[in-house]
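Per-entry structural report
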Amino acid sequence: MADNERKSLGSRITGSMIWTSIFRTPFPTTRSERLKSILNNVFLHLHPAKLSRHAVKLKYTWCMGGLSFYLFIVLTISGILLMFYYRPTVEYAYTDIVDLSEQVPMGIMREIHRWTAHMMVITVLLHMFRVFMTGSYKPPREFNWVVGVLLLTLTLFLSFTGYLLPWDQLAIWAITVGTNMARATPFLGHEGPGAALLAIGDINLVTMSSDVRFALLGGRFVGESALLRFYVLHCVALPFIIMIMMSVHFWRIRRDGNISGPL
Amino acid sequence: MTDASATPTPSEAPAQEPQQDSAEPIERKSFLSWLSVGWIAFAAATGGFFTMMGRFMFPNVLFEPPQSFTIGFPDDFQIGVVDERFKDSRGIWVVRSYDGLYALSTVCTHLGCTPNWLITDNKFKCPCHGSGFRKSGINFEGPAPRPLERYKVTLTEDGQVFVDKSVKFQYEKGQWDLPGAILKV
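To start, this report covers the structure provided alongside it. This is a predicted model, so every value here is computed, not measured.

Some thoughts on the pairing of strand S9 (residues 150-155) of chain B
All names here are of chain B. Here strand S4 (residues 101-105) pairs with S9 via two bridges, running antiparallel. Bridge pairing in S9 places leucine 104 opposite arginine 150. Bridging between S9 and strand S10 (residues 161-169) involves six bridges; their strand directions are antiparallel. When the sheet's bridge partners are listed, threonine 154 is paired in S10 with phenylalanine 162. The loop that links S9 with its antiparallel partner S10 comprises five residues; one of these, glycine 159, has a positive phi angle of about 85°.

This is how it looks when you write it as structure tokens:
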């Protein structure tokens, strides 16, 4: 009697209009129904519909790609929380970082963000190493390797832009040194090879006020506008690009012969 | 596709004919040319917007310190002393030797940090990677590949020292002998 009631409650929920409108297919019991439930879910459909037993062995994949994605989610959530307190101005940036660890409840949030960022760089590199060692970059996966390299550079660039935000001496000088390298960009940096060729008569088109370093800093040295530009890049522009690239990366895993493993 | 129009009902057939007569038929050729005009306009607008995006990143006004300024009269500077008054505000050291007065850049030629003037050691020392420079600006230790740069120094009409940071003189190019690299006072 009680069992009957519980069943009817359960089936009343799964049979309700709300439930069926969210989950188009009933709870999968057969192989084809399981495939269908994966394909009908926007989050799961990026992932391969079925995996071979070999492909999910930890000693083969190291789970480094999955861990990188997990760390990215942790970074997104903790980063959004930090944005509630941090103000990207010369006046407030440093003191807001100090307040985040000393005044704000759960002051460990900034450290979580920082350590997770370090870990993500490590896991992305280890993922790349594993893919290389198992030969998983070979056709038909060669395009996904290229997408992966872009994701690595985006990860490093996110690290680099985040580095300036505490606005302490380490940050300012690290970004000064780092962006000075952009002076030597071919054609686009004012001290780079080929930059002198881009000139009309005696007027250089690529100068200290018009090169790629200037576009990055919003000025001729690391200052107020550099802090704001790095903040926008770190919190909006780069996460936007990396999310698109990650979607492509995951989708191509599915299209290019499933995760890892020989083909 | 084809079977849909295969059997028009008698009621539909007369309704279609006046439509074809009243609306002027667009020929395939003119339609394509209008289409290409549309696409070219769209491509031009998109290209224009991307150009705007590029230009948008380069503001017309910078809220940075001016690049040329006066720093006082030559007699304000003692012979043999490295004047650090303008280090933070203007990014220069003013040094007066027996030869004359010159303005040294405070940017390390290695990777762009700001060295410190160590008065007891009589040298500029960069805290980042340990580059050392003599009072003249010549590098002698650490990874710095070349001496500190000097900026153009001239006298204004009322006899003040005028520094122009947009003109720089590099020792390794033999530019320290050029007029403006050192002010004979």
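Quick notes on the interface of chain A and chain B
Across the boundary between the two partners, chain A contributes eleven residues, which contact nine residues of chain B. Only helix H9 (169-180) and helix H10 (212-217) of chain A provide two or more residues apiece to the side of chain A that touches chain B. Here the side of chain A that touches chain B takes four residues from H9(A), the largest share from any one element. Its residues assigned to classes, the side of chain A that touches chain B shows four nonpolar, five polar and two charged.

As for the sheet that holds strand S6 (residues 123-125) of chain B
Residue and element names in this part refer to chain B. Pairing is antiparallel in the open sheet, where four strands are placed in the order S5-S6-S7-S8. Every other strand in the sheet has two partners, leaving strand S5 (116-118) and strand S8 (139-141) as the edge strands with one partner each. For S5 and S6, the ladder comprises three bridges, and the chain directions are antiparallel. In the strand pairing of S6, tryptophan 117 is matched with phenylalanine 124.

Things to note about the packing of helix H8 (residues 142-164) of chain A against H9(A)
All names here are of chain A. Between H8 and H9, the shortest axis-to-axis distance is 8 Å and the interhelical angle comes to 135°. The orientation of H8 relative to H9 falls into the category oblique. Two secondary-structure elements touch here, H8 through Phe160, Tyr163 and Leu164 and H9 through Ala171, Ala174, Ile175 and Gly178. Across the contact of H8 with H9, the residue classes tally to six nonpolar, one polar and no charged.

What counts and how
Going along each chain's sequence as written, the residues are numbered from 1 onward. To label them, take the chains in the order written and letter them from A, then take the ligands in the order written and number them from 1. Where totals are concerned, whole chains, interfaces and linings use all residues; where local detail is concerned, this predicted model gives features only for residues with pLDDT of at least 70, and gives and counts side-chain atom pairs only at 80 or more. The pairing criterion for strands is at least two bridges between them, as found by DSSP. Where helices and strands are cited, they refer to DSSP runs of H or I of at least four residues and of E of at least two residues respectively, numbered from the N terminus. Working definition of a contact: two residues with C-beta atoms, positioned from the backbone, lying within 7 Å. Classification used: nonpolar for Ala, Val, Leu, Ile, Met, Phe, Trp, Tyr, Cys and Pro, charged for Asp, Glu, Lys and Arg, polar for all others including Gly. Axes here mean lines fitted to C-alpha atoms, for a helix over just the part in contact, with angles spanning 0 to 180 degrees between N-to-C directions. To sort the angles, those under 35 degrees are grouped as roughly parallel, those over 145 as roughly antiparallel, those from 65 to 115 as roughly perpendicular, and the leftovers as oblique.

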